[in-house]
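Next come the chains, spelled out residue by residue.
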Amino acid sequence: MCDLSDHDQKHGFDLGALVGDLAFEEDSRGSEDISLEGLQQELEECETDEVVANILSNGDKLREYAKGVENNLWKVELDSIQDYIKESDKLVSLHDQIRDCDGILSQMETLLSGFQEEIGSISSDIKILQENSMDMGLRLKYRRVAESKLAKFVEDIIVPPKMIYVIVDGEVDGEYIKTLEILSKKLKFVEADQAVKSSKALKDVEPELEKLRQKAISKVYDFIVQKLIALRKPKTNIQILQQSVLLKYKYIISFLKEHGKEVFMDVRAAYIDTMNKVLSAHFHAYIQEFEKLQLDIATSNDLIGVETRSSGLFSRAREPLKNRSAVFALGERIKVIKEIDQPALIPHIAEASSFKYPYEVLFRSLHKLLMDTATSEYMFCNDFFGEESIFYEIFAGPFSVIDEHVDSVLSNCFDAIGLMLMIRIIHHHQLIMSRRRIPCLDSYLDKVNISLWPRFKMVFDLHISSLRDANINTLWEDDVHPHYVMRRYAEFTASFIHLNVEYGDGQLDINLERLRMAVDSLILKLAKLFPKPKQQIVFLINNYDMTIAVLKEAEPEGGKIQMHFEELLKSNTSLFAEELLVEHFSDMIKFVKTRASEDSSSNLERSITVAEVEPLVKDFGSRWKTAIELMDKDIITSFSNFLCGMDILKAALTQLLLYYTRLADCVDGGSTLNRDVVNYQSILFEIKKYIKTF
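Residues numbered from 1 in each chain as written. Predicted model: local features only at pLDDT ≥ 70, side-chain atom pairs only at ≥ 80, totals over all residues. Heavy atoms only, no water.

Q: Mind showing me how you'd approach the overall build of the protein here?
A: The number of helices and strands found in the protein is 28 helices and 2 strands. Within the span of the protein, comprising 694 residues, buried residues form 40% of the whole. Sequence-distant contacts, at least 24 apart, represent 79% of the contacts inside the protein between residues at least 6 apart. Accessible surface, the protein as shown: approximately 40,800 Å² in total, 55% of it carbon and sulfur. (Helix = DSSP H or I, 4+ residues; strand = E, 2+ residues; numbered from the N terminus. Buried < 20%, exposed > 50% of the residue type's maximum accessible area, 1.4 Å probe, protein only. Contact = heavy atoms within 4.5 Å. Areas by Shrake-Rupley, 256 points an atom, 1.4 Å probe, with all protein chains shown as cover.)

The following block contains the structure:
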């Protein structure tokens, strides 16, 4: 009750502060002093209180409101006491139940405490078990590793009875090779591991392994030697024997190389000796056979500048004429380049046809056989023996046989075209080997190429010397048509131009230029032996024209040499046209070149008289048609090439028109001589009878 009164007094102070200065009556239930500390703050907080605001708005007095609240509280308190009294039995029962529960919870607490102690003990045991389990797992792992190594050791060192039987009594076949591989692994195992060498088990097994090694080496050696002996049998296909038989047993060589080095070296030496002799014999026999097929093309006298009669008729009596032309002309011999990768000739088949071949064909065939044989042998040696060096030891013999043959041929070879064809053949063979990615013939082909060039240079120089040192008196023939020396030169040069189109060999171009200078000098010397200048010019034109025609066949676009002869032809054509006109119209030409030129330069009126011009005009008018006809006949008989003759006639008649036009210009327009002047159109019409395109 006191608390309630205090609470009421507190609310009384709060409300009083909001309504201003209110007078409070002393409470009949207490006269204690009331503290006003903090009143102002509480009043400010109650400014927004909704209940306080309603009370103030209704105008009720605080004291009365407080008494009403107090009465309500007392009423509620009394009601609450009555309710408590009514429920007292239930509260007593609830109290008993709570006390019973408390006892049960106390027992449970004791039980759980015991469980907690037991669980702590079990956790400690589990930890011990976990540690023991890890220790056992680690021991098991180590035991398994040891067991694995021990099992491998036993497997690697033990010698099964079956292996002994196969090595000692078995045939050398696929199973034997597999057994050799197993034996090799055991031997390597024993030799590689130092710990194995100190083991007691090895002392029992090592003697047996050594016996098996020696037996295996002896047996496979005898087997390989028998196979090598088969290679020496006549008509044996070596490549088939190598691929289908020896390569199946290539592991034998690996086994010998690892476990029987001395025996391996014996096998290696036996194979080298066998193949060296077999291949040397094959190539020697092949060379002997195809030498019967060789067609001799040229001798030391077959040179451009050598007079035909000096080479001797009887020495060539049995050779067809077409073989003689092959000395200087390429002709069908170029086929050997186009057929560069064709199979090698089979001598007995070629011999049956009674057909002979230029040496370059046999040279290509020999080296084609060499390439194919070397490629096969190189790949076999690399696969079977696992080393490339053995190839060069095997082919030392075949290379020697071929070198001896080629050297003997080159020392007597005077066929420059054949030598160049052989150089080109070697070039193509180098490309073929490069495409095959087989390097074994690189040094050999380089050596052959190096030996061919000096011989070619020597023979080519002989041709140049034959032109420089030629006896022009024996070479000269009283015939203005193309000389056989010039035809030889043209065909000879055209052959090398054709052979150099795809190669651009600068050294060959230099040699051709030297040859051109030599023939230029010789043809001029031969031309000077003709008594008349006109014949000299005709001779030169015919030779130059023929040379150009031959060179165009080799290089249609025209090279440096062809352009040189075209310039010479052009200059000599102009000289001949002038010479031909002088022969028929010498007085008119002389007058035009002297008097007409003087009159033109001095510009003096009437410097040329009618008396000077009249005989020239009348002479031309009386015989110009006949002169043109004679010129045409002269050209036809003088020049072997009709087209060249027409070009020359066209040049001569063009020059004739120019001369006559200048002569006609000298005639005065009012002179009676004009009626004797031949009309320009008349001359042009007559010329077109001979030259349609004029």
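Further notes follow.
Q: Explain a nonpolar patch on the surface here, please?
A: On the surface, Tyr84, Leu91, Leu94 and Ile98 cluster together into a nonpolar patch covering about 400 Å² of accessible area. With 3 residues, the single largest contributor to the nonpolar patch is helix H5 (residues 88-157). Within the secondary structure, Leu94 is located in helix H5. (Patch = residues over 30% accessible without salt bridge, like charges linked within 9 Å, V, L, I, M, F, W, Y side chains within 5 Å. Salt bridge = Lys/Arg side-chain N within 4 Å of Asp/Glu carboxyl O.)

Q: Sorry if this is basic, but what is going on with the confidence of the model for the protein here?
A: Detailed reading of the predicted model is not advised wherever pLDDT is low. Residues at a pLDDT of 70 or more form 84% of the protein, whose mean pLDDT is 82. Predicted confidence for residues 1-32 stays below pLDDT 50, and this span has 39 contacts to residues more than four positions away or in other chains. Within the model, pLDDT remains below 50 along residues 310-322, and this stretch shows 10 contacts once partners closer than five positions in the same chain are excluded. (pLDDT = per-residue confidence, 0-100.)

Q: Just to check I follow, could you spell out the packing of helix H22 (residues 484-500) against helix H24 (residues 533-554) for this structure?
A: Helix-helix packing: each pair is described by the crossing angle between the helix axes and the interaxial distance. Between H22 and H24, the shortest axis-to-axis distance is 8 Å and the interhelical angle comes to 20°. Judged by the inter-axis angle, H22 sits roughly parallel to H24. For the pair H22 and H24, the sense of crossing is right-handed. Two secondary-structure elements touch here, H22 through Met486, Arg487, Tyr489, Ala490, Glu491, Thr493, Ala494, Ile497 and His498 and H24 through Asn543, Tyr544, Met546, Thr547, Val550, Leu551 and Ala554. Counted by class, the contact of H22 with H24 contains 10 nonpolar, 4 polar and 2 charged residues. (Axes fitted to C-alpha atoms, helices over the stretch in contact; angles between N-to-C directions. Parallel < 35°, antiparallel > 145°, perpendicular 65-115°, else oblique. Left-handed = near helix turned anticlockwise from the far one by under 90°. Nonpolar A, V, L, I, M, F, W, Y, C, P; charged D, E, K, R; others polar.)

Q: How do you make sense of the nonpolar core when you look at a structure like this?
A: Grouped burial of nonpolar side chains is what soluble globular proteins tend to show. Leu180, Ile252, Tyr271 and Phe496 are the most contacted members of the largest nonpolar core, which has 180 residues in total. Sequence-distant contacts of Leu180, that is, excluding residues within four places in its chain, are made with Ile167, Ala216, Val220, Tyr251, Ile252 and Phe255. (Core = buried A, V, L, I, M, F, W, Y, C linked by side-chain atoms within 4.5 Å.)

Q: Just to check I follow, could you spell out the packing of aromatic side chains for this structure?
A: Applying the stated criterion to the full structure yields 28 aromatic pairs. Here the aromatic rings of Phe355 and Tyr357 are separated by 5.0 Å at their centres, their planes lie at 75°, and the arrangement is edge-to-face. Look at Phe355 and you get partly exposed, because its relative accessible area is 46%. Classification of Tyr357 by relative accessible area gives buried; the value is 16%. On the basis of an interplanar angle of 85° and a centroid distance of 5.0 Å, the ring pair of Phe384 and Phe385 is categorised as edge-to-face. Note on Phe385: relative accessible area 2%, which makes it buried. Grouping aromatic residues by their ring pairs yields a cluster made of Phe328, Trp453, Phe456, Phe460, Phe492 and Phe496. Lying across the ring of Tyr503, Arg424 places its NZ or CZ 4.1 Å from the centre. Between the NZ or CZ atom of Arg455 and the centre of the ring of Phe414, over which it lies, the distance is 5.0 Å. (Phe/Tyr/Trp six-rings, centres within 6.5 Å; stacked < 30°, edge-to-face > 60°. Lys NZ or Arg CZ within 6 Å of the ring centre and 35° of its normal.)

Q: I tried to follow the side chain of Glu307 on my own but got confused; where do I start?
A: Its place among the elements puts Glu307 in the loop between strand E1 (294-295) and helix H13 (321-325). Look past the residues within four positions of Glu307 in its chain and what remains in contact with it is Thr474, Leu475 and Tyr484.

Q: Where do I start with the pattern of salt bridges in this structure?
A: Per the counting criterion, the structure on display carries 29 salt bridges. Linking Asp273 and Lys277 is a salt bridge whose minimum nitrogen-to-oxygen distance equals 3.4 Å. On the criterion of helical spacing, the pair formed by Asp273 and Lys277 is a turn pair, its members being 4 residues apart in helix H12 (residues 261-291). Taking the relative accessible area as the measure of exposure, Asp273 reaches 31% and is therefore partly exposed. Between Arg623 and Asp619 there is a salt bridge; the shortest N-O distance is 3.1 Å. Placement of the pair is Arg623 and Asp619 together in helix H26 (residues 610-638), with a separation of 4 residues, close to one helical turn.

Q: Please clarify how the packing of H22 against helix H23 (residues 506-528) should be interpreted in this entry.
A: Here H22 crosses H23 at 165°, and the two axes come no closer than 11 Å. Overall, the two elements H22 and H23 adopt an arrangement that is roughly antiparallel. At the point where H22 passes H23, the crossing takes the left-handed sense. Contacts between H22 and H23 pair Val485, Met486, Tyr489, Phe492, Thr493, Phe496, Ile497 and Asn500 from the former with Leu508, Asp509, Leu512, Leu515, Arg516, Val519, Leu522 and Ile523 from the latter.

Q: Got a minute to help me understand the side chain of Asp302 in this structure?
A: Looking at where Asp302 falls in the secondary structure, it is placed in the loop between E1 and H13. Separated by 2.7 Å, the side chain of Asp302 and the backbone nitrogen of Thr299 make a polar contact. (Polar contact = N/O pair within 3.5 Å; in protein donor to acceptor, adjacent residues only side chain to side chain.)

Q: When you look at the environment of Ile589 in this model, what are you seeing that I'm missing?
A: Relative to the assigned elements, Ile589 resides in helix H25 (residues 560-602). With 74 residues separating them along the chain, Ile589 and Leu663 place their C-alpha atoms 8.9 Å apart. Each residue touching Ile589, except ones within four places of it in the same chain, is listed here: Glu578, Leu581, Val582 and Tyr659.

Q: What's the story with unusual backbone geometry in this structure? I'm lost.
A: Where the residue is not glycine, phi is negative for most of them; where a peptide bond is considered, it is trans in most cases. The phi dihedral of Lys235 is positive, around 60°, even though this residue is not glycine. Inspection of the secondary structure puts Lys235 in the loop between helix H9 (200-231) and helix H10 (238-244).

Q: What's the story with H26 in this structure? I'm lost.
A: Since the α-helix packs 3.6 residues into each turn, any two residues three or four apart lie on the same face. Approximately 60° is the largest bend angle found in H26, and it occurs at Arg623. The complete set of buried residues in H26 reads Val613, Leu616, Val617, Phe620, Trp624, Ala627, Ile628, Met631, Asp632, Asp634, Ile635 and Ser638. (Bend = angle between axes of the 7 residues up to and from the residue.)

Q: Whenever I open this one, the environment of Asn641 confuses me. Can you help?
A: Considering the arrangement of structural elements, one finds Asn641 in the loop between H26 and helix H27 (642-665). Note on Asn641: relative accessible area 26%, which makes it partly exposed. Sequence spacing of Asn641 and His481 is 160 residues, and the spatial spacing of their C-alpha atoms is 9.7 Å.

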